[in-house]
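# Report on the structure
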Amino acid sequence: MERRAASRRGQPAYGHDALIACDRLVRVFTTDGVEVQALQGLDLLVAEGELMALVGASGSGKSTLMNILAGLDVPTAGAAKVAGRDLLTMDAKARLGYRRDVVGFVWQQTARNLLPYLTALQNVTLPMQLRGGRRRAARTKAAVELLSMLALDHCRDRRPHQLSGGEQQRTAIAVALANTPSVLLADEPTGELDSHTAEQVFTAFRTANEELGTTIVIVTHDQAVASEVRRTVAIRDGRTSSEVLRRTERDAATGQESLVAREYAMLDRAGRLQLPAEYTSSLGMEYRVLLELESDHIGVWPDRTADGAGRGRGGAGEDGAKGSGVAEDGGEAS
Ligand SMILES: Nc1ncnc2c1ncn2[C@@H]1O[C@H](COP(=O)(O)OP(=O)(O)OP(=O)(O)O)[C@@H](O)[C@H]1O
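Everything quoted here is computed from the prediction, not taken from an experiment.

### Quick word on the domain arrangement of the protein chain
Segmentation of the protein chain into domains returns domain 1 (47–74 + 86–244) and domain 2 (275–326). Summarising the inter-unit geometry, the C-alpha centres of domain 1 and domain 2 are found 45 Å apart.

This is the structure:
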């Protein structure tokens, strides 16, 4: 034990090199004496420069996480750091500075992102003005460049009601980028748009990511958006449960490139793994499973002992007496 503890002391801290690091994040809401655990020990690491999506059923905790990352809400327990800022211990002043300088936010409701009586250009310069430190001409120049980068030159002098839904969301992205934040957070930014317009909005996120290097996290129900990014993390019951990684592979024989997507289960820091419900039910896995450590993988088998087989619903299969590779000192199977 001592040896193990000593070797762990020498290891770098969890997520030390990530731009966003959530470690066993918990958020409990209490309404009328009833507790809701919106986040139940969520782990998430996002590297600098990533463009990734968060998906999950309604009520799984996505908005709760985004509000915490945006500095609008404070977690009940756990740890959360964004660009070196500790989201649990920031005081009101630091929180204000964090929201102004470190994160940008795009909401689903287009009306929430822009001030209706300002033009697109004025909406983009406003955050710069509030932060201060730049001359008017420099602010205008930067705002014009942002609008141009997102193909919105024609919208410069229009008010939000004179813009289409997609143009409003792209302008909202420009507003969120005004103070060159490290992270851009977007909660269902294409939720109110048709698929063609949604694609243009997604292109604007990609442009921001590629041209400015901004790290972008998008919560989405939009399958098209989720499948366009390299990494999609799924949240289930207030925890990250699985993620899909996509990469381009080149066929050695034909030289043809194709996008390959693979789904991974999350292994949390306590060694817990969420197995997909369809996998466990198809093999009748309940209550306990048998683990077997092989040189390059871990086998997970249905419990076939007398009482386990009685409980499980699975059909014929492995011998329950199969030797287990799990360390007897309680070591994790991971
Ligand atoms: N302010 C609040 N007070 C009480 N409960 C809340 C509050 N905010 C969220 N919850 C609860 O926390 C859980 C997670 O909600 P959250 O809005 O984060 O889910 P979501 O995944 O964003 O859902 P959706 O996709 O529908 O927006 C839900 O059970 C919700 O009812």
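After that view, the rundown keeps rolling.
### Side note on the UniProt feature "domain: ABC transporter" (unreviewed entry) in the protein chain
When the UniProt feature table is mapped onto this chain, "domain: ABC transporter" (unreviewed entry) is found at residues 23–262. The annotated region residues 23–262 carries 35% helix and 30% strand content, and the separation between its end C-alpha atoms amounts to 24 Å.

### A look at the sheet that holds strand S8 (residues 215–219)
The sheet built from 7 strands is open, its strands ordered S6-S7-S8-S3-S9-S10-S11 with mixed pairing. The open sheet has two edge strands with one neighbour each: strand S6 (103–106) and strand S11 (257–265). Across the sheet, the mean angle separating the axes of adjacent strands is 20 degrees when strand polarity is ignored. By the bridge criterion, 5 bridges tie strand S7 (residues 183–187) to S8 in an arrangement that is parallel. Bridge pairing links Leu184 to Ile216 in S8.

### Details of the site of the ligand
Around the ligand, the neighbouring residues are Phe29, Thr31, Val36, Ala38, Gly56, Ser58, Gly59, Ser60, Gly61, Lys62, Ser63 and Thr64. Those elements giving two or more residues to the shell around the ligand turn out to be strand S1 (20–31), strand S2 (34–46) and helix H2 (62–69). Examining the composition of the shell around the ligand, we find that 3 residues originate from one element, H2, more than from any other. Residue composition of the shell around the ligand, grouped by class: 3 nonpolar, 8 polar and 1 charged.

Calculation criteria
Residues numbered from 1 in each chain as written. Predicted model: local features only at pLDDT ≥ 70, side-chain atom pairs only at ≥ 80, totals over all residues. Domains from an automatic or database assignment. UniProt positions renumbered as here; feature names shortened; annotations may be inferred. Helix = DSSP H or I, 4+ residues; strand = E, 2+ residues; numbered from the N terminus. Pairing = 2+ DSSP bridges. Axes fitted to C-alpha atoms, helices over the stretch in contact; angles between N-to-C directions. Near = placed C-beta within 6 Å. Nonpolar A, V, L, I, M, F, W, Y, C, P; charged D, E, K, R; others polar.

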